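The residues making up each chain are set out below.
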2 protein chains.
Amino acid sequence: MSDCVLCAEDGGALIWRNAAMRVVLVDDAMHPAYCRVIWNAHVAEMSDLTPAEQEAMMRAVLLVEQQMRAVMSPHKINLASLGNMTPHLHWHIIGRWPDDVHFPQAIWGALQRDPTAANLSARRAQLPALQAAVHSALAAAFTG
Amino acid sequence: MSDCVLCAEDGGALIWRNAAMRVVLVDDAMHPAYCRVIWNAHVAEMSDLTPAEQEAMMRAVLLVEQQMRAVMSPHKINLASLGNMTPHLHWHIIGRWPDDVHFPQAIWGALQRDPTAANLSARRAQLPALQAAVHSALAAAFTG
């Protein structure tokens, strides 16, 4: 799959990986609380995985959610596996706030307002702590 | 939570329910292959559930995905738990096709084209089979 960006690249700043999957921090100018869990092999859908693989991937997604809530206290968590443009299985974990540029729309929807620079800066300052917490949680939960 | 629509109403045409959750068919004019799995109690996030509850809810979501693929053969499945407007835990399971009005954008994004009426009609004709298949799969997987 040489034309698949998630086969060719990590897809973000690598936080943790094992043989099956990886977690990255996404560099999104408007949504700082944004991680992805990416299955390493090129499969399209959750139902292409075995039940044990599905369970492991969702466990990783929900550990990221849990750490994002603990470190950054977002107003809401958004989870999504879409893959319409990149059909290589990956989950978006996005922390949302009422002042973010798309709230209450999905981040793939229409802009609702201008960004609040001070809030963006304050949230970006928490990203090293988020990365450390996610790494610790995933490393403790998974081996290999 | 008297102002929560998912506490007050089923949230779609009921396909199956047990004590913990329900599955509904969503009446969306542009996206016929659209189900939701809705947690019955008013909780906001997956990480507000116990691990056993999380596992049960995702098992239901993935059974719906599997039946939607079997009956309707969509080009791609989209899964999402957003809840920015209705913070009552629910999953969207949406079958997508390259001719649908939003593809390859999320269904919450900008319109890409006019609908193809013949394809919409053909897909709507499969909904009774989808409802039957989802009901059977969920009833077999869960009790109570």
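Criteria and thresholds
- Residues numbered from 1 in each chain as written.
- Chains lettered and ligands numbered in written order.
- Predicted model: local features only at pLDDT ≥ 70, side-chain atom pairs only at ≥ 80, totals over all residues.
- Heavy atoms only, no water.
- Disulfide = S-S within 2.5 Å.
- Pairing = 2+ DSSP bridges.
- Helix = DSSP H or I, 4+ residues; strand = E, 2+ residues; numbered from the N terminus.
- Axes fitted to C-alpha atoms, helices over the stretch in contact; angles between N-to-C directions.
- Contact = heavy atoms within 4.5 Å.
- pLDDT = per-residue confidence, 0-100.
- Left-handed = near helix turned anticlockwise from the far one by under 90°.
- Nonpolar A, V, L, I, M, F, W, Y, C, P; charged D, E, K, R; others polar.
- Least-squares fit on C-alpha atoms with pLDDT ≥ 70 in both.
- Phe/Tyr/Trp six-rings, centres within 6.5 Å; stacked < 30°, edge-to-face > 60°.
- Buried < 20%, exposed > 50% of the residue type's maximum accessible area, 1.4 Å probe, protein only.
- Lys NZ or Arg CZ within 6 Å of the ring centre and 35° of its normal.
- Buried area = accessible area lost by both parts, 1.4 Å probe.
- Salt bridge = Lys/Arg side-chain N within 4 Å of Asp/Glu carboxyl O.
- Polar contact = N/O pair within 3.5 Å; in protein donor to acceptor, adjacent residues only side chain to side chain.

Novice: Which residues make up the state of the cysteines, and what values do they have?
Specialist: Tallied over the entire structure, the rule returns zero disulfides over all chains. Summary of cysteine pairing: Cys4 of chain A is not part of a disulfide, and the nearest cysteine sulfur, belonging to Cys7 of chain A, is at 3.8 Å.

Novice: Any details on the sheet that holds strand β4 (residues 76–81) of chain A? Residues and values, ideally.
Specialist: Paired through backbone hydrogen bonds, the strands of a sheet run either parallel or antiparallel to each other. On the basis of which strands lie adjacent, the open sheet formed by ten strands has the order β1(A)-β2(A)-β3(A)-β5(A)-β4(A)-β4(B)-β5(B)-β3(B)-β2(B)-β1(B) and antiparallel pairing. The two strands at the open ends of the sheet, each matched to only one other strand, are β1 (13–17) of chain A together with β1 (13–17) of chain B. On average, each strand axis in the sheet is inclined to that of its neighbour by 20°, with strand direction left out of account. Looking at chain direction, β1 of chain A and strand β2 (residues 21–25) of chain A are connected through four bridges and run antiparallel. Across the sheet, Trp16 of chain A pairs through a bridge with Val23 of chain A, a residue of β2 of chain A. Packing against the sheet, helix α4 (residues 127–141) of chain B makes contact with β1, β2 (21–25) and β3 (34–39) of chain B, and its axis sits at approximately 20° to β1 of chain B.

Novice: Please give an account of the confidence of the model for chain A that cites residues and values.
Specialist: Here chain A shows a mean pLDDT of 96. Residues at 70 or above account for 98%. Interface confidence for the predicted complex, expressed as ipTM, amounts to 0.97; the pTM equals 0.97.

Novice: A description of the packing of helix α2 (residues 51–72) of chain A against helix α4 (residues 127–141) of chain A should follow, citing residues and the corresponding values.
Specialist: All names here are of chain A. At a minimum axis separation of 9 Å, α2 and α4 run at an interaxial angle of 145°. Our pair here, α2 against α4, has a crossing hand that is right-handed. Contacts from Arg59, Ala60, Leu63, Val64, Gln67, Met68, Val71 and Met72 of α2 reach α4 at Leu127, Ala129, Leu130, Ala133, Val134, Ala137, Leu138 and Ala141. For the contact of α2 with α4, a count of residues per class yields 14 nonpolar, one polar and one charged.

Novice: Explain the relation of the copies chain B and chain A residue by residue, including any values.
Specialist: Mapping chain B onto chain A calls for a rotation angle of 180° and an axial translation of 0.0 Å; the resulting RMSD is 0.0 Å. Put plainly, the chains are arranged around a two-fold axis. Comparing interface residues between copies, 100% of those in chain B also sit at the interface in chain A, which points to an isologous, same-surface contact.

Novice: Run through the packing of aromatic side chains, naming residues and quoting values.
Specialist: Within the structure shown, the criterion is met by three aromatic pairs over all chains. Ring centres 5.6 Å apart and planes at 40° place the aromatic pair Trp16 of chain B and Phe142 of chain B in the tilted group. Of this pair, Trp16 of chain B sits in strand β1 while Phe142 of chain B sits in the segment after α4, and the two are 126 residues apart along the sequence. One exposure class covers both Trp16 of chain B and Phe142 of chain B, and it is buried. Geometry around Trp97 of chain A places Arg123 of chain A over its ring, the cationic atom sitting 4.1 Å from the centre.

Novice: Let's hear about the interface of chain B and chain A: which residues, and what values?
Specialist: Contact residues are listed per partner, giving 30 residues for chain B and 30 residues for chain A. Taking both sides of the interface into account, the surface hidden between chain B and chain A amounts to around 2,700 Å²; carbon and sulfur atoms contribute 54%. The largest contributions to the chain B side of the interface with chain A come from Glu45, Lys76 and Asn84 of chain B, which together make up 24% of the buried area. Taken together, the connections running from chain B to chain A amount to four salt bridges. One salt bridge connects Asp48 of chain A with Arg69 of chain B, and the closest N-O pair in it is separated by 2.9 Å. Linking chain B to chain A there are 22 residue pairs in polar contact (both at pLDDT 80 or more). At the level of secondary structure, the elements contributing two or more residues to the side of chain B that touches chain A comprise α2 (51–72), β4 (76–81) and β5 (90–96) of chain B. The biggest single contributor to the side of chain B that touches chain A is β4 of chain B, with six residues. When its residues are assigned to classes, the side of chain B that touches chain A shows 15 nonpolar, nine polar and six charged.

Novice: Describe in detail the pattern of salt bridges, supporting the description with residues and values.
Specialist: Residues and elements named next belong to chain A. Scanning all chains against the criterion turns up twelve salt bridges over all chains. For Arg59, the salt bridge goes to Glu55, with nearest N and O atoms at 3.3 Å. Linking Arg59 with Glu55, this pair stays in helix α2, spanning four residues, or about one helical turn. The exposure class assigned to Glu55 is partly exposed, which follows from its relative accessible area of 38%. Its salt-bridge partner being Arg123, residue Asp99 comes within 2.8 Å of it at the nearest N-O pair. Taken as a pair, Asp99 in the loop between β5 (90–96) and α3 (117–124) and Arg123 in helix α3 lie far apart in primary sequence, 24 residues in all. On the basis of relative accessibility, which here comes to 12%, the residue Arg123 falls in the buried class.

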